[in-house]
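Survey of secondary and tertiary structure
Here is how the chains run, residue by residue.
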Amino acid sequence: MDVSIIIVNYNTMELTGKAIDSVVNTVKNHSYEIILVDNGSLDGSIEAFRKRKDIIFIETGENLGFSKANNIGIRASKGERILLLNSDTIARSGAIDRSVEYMDSTGMKVLGAKVVLPDGRLDKACKRSFPTPANSVWHYMYLDRLFKGSKTFGAYNLTYLDEDEIGRVECIMGAYMMVDREVIDSVGLLDEDFFMYGEDIDWCYRMGEAGYGIIYYPEAVITHYKKASFNKRRKESIREFYDSMWIFFEKHYKEKYGKGVSLAMYAGIKGKMALDLAINSLKR
């Protein structure tokens with residue numbers, strides 16, 4: 001088995017079906033399996049996907065979160081490589097085949113695709129650096145938008161790197177992440193302390209610490225219908241997003257930066273979460 005494709009579904013039946021179809025319709029040159037892990041959906045997903053013969057369907061019976069559900073799929077997989085593929089994505093023609101072929105030819109162990117939004121704009125998180133305190137401050141002050149060519153201010157989303165150029169990056173996104181099984185055996189599975197966000201950044205950080213290079217490969221392209229599950233439980237999702245930021249900081253940076261920076265980061269994260277929750281309440 002060349003690649004095991006893990007998709008987690010949570011009340012996104014229509015989008016998930018399209019994601020599966022995009023794999024079936026575009027992978028021509030390699031053997032694969034699609035493992036769909038359902039996180040206790042109530043939208044008819046279970047009844048619909050039980051009928052499909054072209055997937056391995058696993059039901060969790062409850063919403064276990066993105067990390068834990070993906071780990072269930074990884075443990076059940078047989079492929080030499082694992083592809084995490086979001087349920088709200090569409091793999092474009094040749095994306096998965098090209099990814100496998102590039103990794104075969106170069107020996108790279110971790111690969112991310114060019115991820116574009118439905119309007120054609122780049123989903124900037126598909127190539128980025130780690131959210132250090134400095135990178136995060138410049139990003140939330142919008143300096144990366146004002147000075148896109150700056151390696152200092154543009155580090156958060158690597159805005160100074162050409163989106164169509166293959167290159168090494170620190171971090172890619174879990175919407176499309178192809179990983180050799182060797183890497184997973186070395187660094188372990190996704191950290192289940194992360195419920196819905198941040199697990200991909202943490203995984204990349206651990207891979208980098210273990211000496212594995214990560215490649216941004218824009219010749220593989222997917223479309224990302226972003227925040228499909230997010231919008232179904234928006235208030236909880238906002239909390240989970242900012243909670244994941246603190247979990248990552250506490251795990252990897254707290255000891256490195258000391259108490260003063262930690263207090264500032266904690267206040268910044270909680271303050272930004274409160275602001276976003278307030279804006280969300282006004283919108284509702």
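What comes next concerns the included structure. (Residues numbered from 1 in each chain as written. Predicted model: local features only at pLDDT ≥ 70, side-chain atom pairs only at ≥ 80, totals over all residues. Heavy atoms only, no water.)

Some thoughts on the overall build of the protein chain
- Scanning the protein chain for helices and strands turns up 10 helices and nine strands.
- For 284 residues, the compact-globule estimate of 2.2 N^0.38 gives 19 Å, and the protein chain sits close to it at 18 Å.
- On the principal axes, the C-alpha backbone points of the protein chain span a range of 55 × 45 × 35 Å.
- Here the protein chain, with 284 residues, has 54% of them falling under the buried criterion. (Helix = DSSP H or I, 4+ residues; strand = E, 2+ residues; numbered from the N terminus. Rg over C-alpha atoms; globule rule 2.2 N^0.38 Å. Buried < 20%, exposed > 50% of the residue type's maximum accessible area, 1.4 Å probe, protein only.)

Structural notes on helix α4 (residues 95-106)
- Its 12 residues place the ends of α4 16 Å apart at the C-alpha level, agreeing with the 16 Å of an ideal helix rising 1.5 Å per residue.
- If you check which residues of α4 are buried, you get Ala95, Ile96, Asp97, Ser99, Val100, Tyr102 and Met103.
- Immediately downstream of α4, the backbone of Gly107 shows phi near 80°, a positive value. (Expected span 1.5 Å × (residues − 1).)

Looking at the state of the cysteines
- Using the criterion set out here, one finds zero disulfides in the structure.
- Left unpaired, Cys126 is separated from the closest cysteine sulfur, that of Cys171, by 11 Å.
- Cys171 provides the cysteine sulfur closest to Cys204, a residue in no disulfide bond, and the two sulfurs are 4.0 Å apart.
- You can call Cys204 buried: its relative accessible area is 0%. (Disulfide = S-S within 2.5 Å.)

Observations regarding the environment of Met1
- If you trace the backbone, Met1 turns up in the segment before β1 (3-9).
- Overall, the relative accessible area of 38% leaves Met1 in the partly exposed class.
- Apart from the residues within four sequence positions on either side, Met1 is in contact with Ser31, Tyr32, Glu33, Lys78, Gly79 and Glu80. (Contact = heavy atoms within 4.5 Å.)

Digging into the environment of Thr26
- Tracing the sequence through the fold places Thr26 in helix α1 (residues 13-26).
- Using a relative accessible area of 14% as the deciding quantity, one classes Thr26 as buried.
- Linking Thr26 and Ala264, residues 238 residues apart in sequence, is a C-alpha distance of 47 Å.
- Reaching out from Thr26, the side chain makes a polar contact with the backbone oxygen of Ser22 at a distance of 2.5 Å. (Polar contact = N/O pair within 3.5 Å; in protein donor to acceptor, adjacent residues only side chain to side chain.)

Comments concerning the packing of helix α9 (residues 234-252) against helix α10 (residues 254-283)
- At their nearest, the axes of α9 and α10 sit 10 Å apart, and the two run at 175° to each other. Put simply, α9 runs roughly antiparallel to α10.
- The residue makeup of the contact of α9 with α10, split by class, is 12 nonpolar, three polar and 10 charged. (Axes fitted to C-alpha atoms, helices over the stretch in contact; angles between N-to-C directions. Parallel < 35°, antiparallel > 145°, perpendicular 65-115°, else oblique. Nonpolar A, V, L, I, M, F, W, Y, C, P; charged D, E, K, R; others polar.)

Considerations on the side chain of Glu33
- Mapped onto the secondary structure, Glu33 falls in strand β2 (residues 32-38).
- Put simply, Glu33 is tucked away with no salt bridge, and the nearest opposite charge, on Lys78, sits 5.3 Å away.
- Within the local environment of Glu33, its side chain forms a polar contact with the side chain of Ser4, the two groups lying 2.5 Å apart.
- Residues in contact with Glu33, not counting those within four places in the same chain, are Met1, Val3, Ser4, Ile5, Ile56, Ser77, Lys78 and Gly79. (Lys, Arg positive; Asp, Glu negative; His and termini not counted. Salt bridge = Lys/Arg side-chain N within 4 Å of Asp/Glu carboxyl O.)

Focus on the packing of aromatic side chains
- Applying the stated rule across the entire model yields 15 aromatic pairs.
- Relative to Phe57, the ring of Phe49 has its centre 6.2 Å away and its plane inclined at 55°; by these criteria the two rings are tilted. Across the pair, exposure class does not vary: Phe49 and Phe57 are buried alike.
- Through a chain of ring-to-ring contacts, the aromatic side chains of Phe130, Tyr205, Trp246, Phe248, Phe249, Tyr253, Tyr257 and Tyr266 assemble into a single cluster.
- Over the aromatic face of Tyr156 sits the side chain of Arg128, whose NZ or CZ is 4.5 Å from the ring centroid. (Phe/Tyr/Trp six-rings, centres within 6.5 Å; stacked < 30°, edge-to-face > 60°. Lys NZ or Arg CZ within 6 Å of the ring centre and 35° of its normal.)

So, the pairing of strand β3 (residues 56-59)
- Pairing of β2 with β3 involves four bridges; the strand directions are parallel. In the strand pairing of β3, Leu36 is matched with Phe57. (Pairing = 2+ DSSP bridges.)

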